[in-house]
Structure formats: structure tokens, C-alpha cells
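Coordinate inspection notes
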Amino acid sequence: VELIITLTIAGILIALAAPAMQSFILDQRLTSQANEFIADLNLVRSEAVKRGTSVTLCSSVDLSGCSASTQWETGRIAFIDSDGDGTVDAGDTIIRAGQRLEGSNTFRPVGSSTTGITFTGAGLTSLASGEITLRLCDTRLASKAVAVLVNFTGRARIDRTVLATACPTS
């Protein structure tokens, strides 16, 4: 009788904890993916300053060249952009490649068609002014989405409050 009561209580506790655990895992995945992107931005910025030349982070499908897609979830590459044109040419060196995002997550720019971010040798982005926003969404859509904002000085930050528009469903 004691064993049956113990197993029943354990089953009830597991049933209560499972949904919270799933939400915890999804939250941690979003945070981790946003932090990885910011780490890539910081690497690109520091390499640009260290080398005194343009370095670009761009979306990529095949991890060998930039794609024209704004779907950053397919992957990204960081490369030394010796001619500053934002595309991988023969003389450019890839310094990091990031794989496709896990969990069917989407990572796309808000209100722009940004496919790459180039940092100059001074550590500034190629943006004229203002900032770009990339929205990271999972299956819970805008209710739990994370925004990564990058301003023209190269500062990147995470914000969970600027998401007025819906996440893409595909």
C-alpha cells in the first residue's frame, strides 16, 4: 500500500513538472541561440578592429558563401571581407561558420532585408545610423520571442520587449 501511494504521488509530481520543464528547455534554447549570435558579432567586430579591415557576418545556406536570404536560421558565416563588398570572394577567409538553428526556430530581421552585417576596421557597422533588429522565435511565436538589436556603433544586445509584430510561421 505504501509503495502504491509513493508511486502515485511521484506520478502526480512528474505530470505537474513536465510542462514546466518543456518551457524551461525552450527558453534556454532561445537564450543560448541569441547569445551565440552575439558572440559571433563580437568576434567579427574584434577581428575587424584587430586586422584593421572589414569583417562580415552573413546568413548562409551552405556555410561557404553568403546567401541572399534573410532567413538567418539556415546558418551564418563570419569572414574577412578584404574588399568590403559583403560577399565571399576568392581572397576572403572564413573565420567561423554557424550551423542551422535547432528546434525549428526562426531568426529573421524585422523591418529590413538584412542578409549581412559588416564591421569596419574602426569597429563600426556598415549601417548609416540607427539599429537593426533580428527576431528569434520558436513554436510559441511572439509570446516568448527574443530580439537581438545591433546599432551602428556595433553594440549588440538582447531585448524581449520590442516585438510588436508576429513571428513568421514557416
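Structural notes, computed from the coordinates. Owing to the predicted nature of the structure, the values given are computational and were not obtained by experimental measurement. (Residues numbered from 1 in each chain as written. Predicted model: local features only at pLDDT ≥ 70, side-chain atom pairs only at ≥ 80, totals over all residues. Heavy atoms only, no water.)

Glancing now at the sheet that holds strand β7 (residues 146-151). Pairing within the open sheet is antiparallel, and its four strands lie in the order β4-β6-β7-β8. A strand with exactly one partner marks an edge of an open sheet, and here the two such strands are β4 (106-109) and β8 (156-159). The mean inter-strand angle of the sheet, taken between neighbouring strand axes irrespective of direction, is 20°. (Pairing = 2+ DSSP bridges. Helix = DSSP H or I, 4+ residues; strand = E, 2+ residues; numbered from the N terminus. Axes fitted to C-alpha atoms, helices over the stretch in contact; angles between N-to-C directions.)

Okay, a nonpolar patch on the surface next. Nonpolar side chains collect at one region of the surface, where V1, I5, I9, I12, L13 and L16 lie side by side and expose about 650 Å² of accessible area between them. With a relative accessible area of 53%, L13 lands in the exposed category. (Patch = residues over 30% accessible without salt bridge, like charges linked within 9 Å, V, L, I, M, F, W, Y side chains within 5 Å. Areas by Shrake-Rupley, 256 points an atom, 1.4 Å probe, with all protein chains shown as cover. Salt bridge = Lys/Arg side-chain N within 4 Å of Asp/Glu carboxyl O. Buried < 20%, exposed > 50% of the residue type's maximum accessible area, 1.4 Å probe, protein only.)

Every regular strand shows the same layout, with side chains that alternate between the two sheet faces. Along strand β1 (residues 55-59), five of the five residues are buried, which leaves the element largely enclosed by surrounding structure. Residues V55, L57 and S59 line one face of β1 and the alternating positions T56 and C58 line the opposite face, and both faces are buried. Bridge count for β1 against strand β2 (residues 76-80) is five bridges, and the pairing is antiparallel. Bridging from a neighbouring strand, L57 pairs with A78 of β2. Across four bridges, β1 lies against strand β5 (residues 116-119) in antiparallel orientation. Note that in β5 the partner of T56 across the bridge is T118.

Another point: the packing of aromatic side chains. This model, assessed by the stated rule, comprises two aromatic pairs. Each ring, one from F37 and one from F107, has its centre 4.8 Å from the other, and the planes form 80°; the classification is edge-to-face. Remark: F107 occurs in strand β4 and F37 occurs in helix α1 (residues 2-51); sequence separation between them is 70 residues. Under the relative-accessibility criterion, F107 is labelled buried at 2%. (Phe/Tyr/Trp six-rings, centres within 6.5 Å; stacked < 30°, edge-to-face > 60°.)

Time to look at the environment of E2. Among the secondary structure elements, E2 is positioned in helix α1. Given the relative accessible area of 69%, E2 is considered exposed. Residues E2 and V88 lie 86 residues apart in sequence; the distance between their C-alpha atoms is 68 Å.

Of all the five residues making up β2, five are buried; the element is thus mostly covered by neighbouring parts of the structure. Here five bridges tie β2 to strand β3 (residues 93-98), and the two strands are oriented antiparallel to one another. Note that in β3 the partner of I80 across the bridge is T93.

Helical periodicity: at 3.6 residues per turn, an α-helix aligns residues three or four positions apart in one direction. The terminal C-alpha atoms of α1, which comprises 50 residues, lie 70 Å apart, in line with the 74 Å expected from a rise of 1.5 Å per residue. For α1, the principal kink sits at A17 and spans about 30°; a proline, P19, occurs within the next four residues. Taken residue by residue, α1 has L26, L30, Q33, A34, F37, I38, D40, L41, V44, E47 and A48 as its buried positions. G52, located one to two residues past α1, shows a positive phi value of around 70°. (Expected span 1.5 Å × (residues − 1). Bend = angle between axes of the 7 residues up to and from the residue.)

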